[in-house]
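Overview (structure and organization)
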Amino acid sequence: MAVDAEQFKHALRRWPSGVTVVTSRAGEKIHGMTVSAFSSVSLDPPLVLVCADKASNTHPVIAEGRVFAVHILAQGQEPLSHRFSSKADEWRRFEGMEWKSGVTGAPILPDALAVLDCRVVAAHDVGDHVIYVGEVETVQVADAEPLLWYGGRYRSLSD
Ligand SMILES: Cc1cc2nc3c(=O)[nH]c(=O)nc-3n(C[C@H](O)[C@H](O)[C@H](O)COP(=O)(O)O)c2cc1C
């Protein structure tokens, strides 16, 4: 018998992860969303992946622009995670933010624990998501503690 959605989510809530905001650009259009489905893939070449819901607004922007920047969030950046996951004002997520363009053209937000600016090298259509594999072109790293996600809520290393 197939696993139902509640059982699936119940099990996956047992998986602790960090929290990222993934941004992208296609021409003049910029967008981004909160993503926990992020992983490293390869060291040589340096590859990472993110899984984007096909129903998200971010997915078609990555599909068209073929670039994305992964921001690994630091402790205290719950408001940024909330801003980039909330469906209220989703087209105003960058308003009032001092973002810059990365080398790929993807928007780079300030104050993340680490930023990986990537160019899409593969896209895999799987179920209701698309796995985007990106080659990392630049990295930025800050000295801070990570924001964690476990059991459906934000945590810190000291929790
Ligand atoms: C902690 C957290 C992790 C999330 N991880 C993902 C993810 O890995 N992939 C995804 O497609 N959506 C994920 N979401 C949901 C999106 O952030 C959310 O649906 C967002 O509103 C999509 O924005 P958009 O449709 O404007 O692109 C996550 C949300 C939260 C709060």
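Check the entry above for the structure.
In this text the structure is predicted, and so the values were computed from the model without any measurement.

To continue, consider the side chain of Ser24. The topology assignment puts Ser24 in strand β2 (residues 20-26). From its side chain, Ser24 meets the backbone oxygen of Val67 in a polar contact 2.6 Å long. Leaving out residues up to four positions away in the same chain, Ser24 has contacts with Lys29, Ile30, His31, Val61, Ile62, Val67 and Pro107.

Next up on the list: the sheet that holds strand β9 (residues 114-126). One open sheet accounts for seven strands, arranged β3-β2-β6-β9-β10-β5-β4; its pairing is antiparallel. Only two strands of the sheet have a single neighbouring strand rather than two, namely β3 (29-35) and β4 (38-42). On average, adjacent strands in this sheet sit at an angle of 35 degrees to one another, irrespective of strand direction. Two strands pair when backbone bridges link them, and β2 and strand β6 (residues 67-72) are joined in this way by four bridges, in the antiparallel orientation. Paired with Val21 across the two strands is His71, which belongs to β6.

To continue, consider the pairing of strand β5 (residues 47-53). Taken together, the four bridges between β4 and β5 define a ladder with antiparallel strand orientation. Each bridged residue has a counterpart across the sheet, and for Phe38 the counterpart in β5 is Val50. The turn linking β4 back onto β5 is made up of four residues. Where β5 lies against strand β10 (residues 129-141), seven bridges are found, and the strand directions are antiparallel.

To continue, consider the sheet that holds strand β12 (residues 153-155). As summarised here, the arrangement of the three strands in space is β1-β11-β12, forming an open sheet in which the pairing is antiparallel. Looking at strand neighbours, the two that pair on one side only are β1 (17-18) and β12, the edges of this open sheet. Examined bridge by bridge, β1 and strand β11 (residues 148-150) share two bridges and lie antiparallel to one another. The residue bridging Ser17 from the neighbouring strand is Trp149, located in β11.

This brings us to the site of the ligand. As a matter of local geometry, the ligand sits amid 18 residues, with His31, Thr34, Thr58, Ser85 and Lys87 nearest to it. In this structure, Asp53 approaches the ligand through a main-chain N or O atom, which is 2.8 Å from an oxygen atom. In this structure, Thr58 approaches the ligand through a side-chain N or O atom, which is 2.6 Å from an oxygen atom. In isolation the ligand offers 650 Å² of accessible surface; the protein chains occlude 83% of this area. Among the cavities detected, the one that contains the ligand is the largest pocket. For the shell around the ligand, the secondary-structure elements that each account for two or more residues are β3 and β5. Looking at the shell around the ligand, the element that brings in the most residues is β3, giving four residues. A breakdown of the residues in the shell around the ligand according to their chemical character gives seven nonpolar, eight polar and three charged.

About the criteria used
Residues numbered from 1 in each chain as written. Predicted model: local features only at pLDDT ≥ 70, side-chain atom pairs only at ≥ 80, totals over all residues. Heavy atoms only, no water. Helix = DSSP H or I, 4+ residues; strand = E, 2+ residues; numbered from the N terminus. Polar contact = N/O pair within 3.5 Å; in protein donor to acceptor, adjacent residues only side chain to side chain. Contact = heavy atoms within 4.5 Å. Pairing = 2+ DSSP bridges. Axes fitted to C-alpha atoms, helices over the stretch in contact; angles between N-to-C directions. Near = heavy atom within 4 Å. Areas by Shrake-Rupley, 256 points an atom, 1.4 Å probe, with all protein chains shown as cover. 1 Å grid on protein atoms, 1.4 Å probe; cavity = no way out; pocket = protein on both sides within 12 Å on 5 of 7 lines; lining within 4 Å. Sits in = over half its atoms within 2 Å of the grid points. Nonpolar A, V, L, I, M, F, W, Y, C, P; charged D, E, K, R; others polar.

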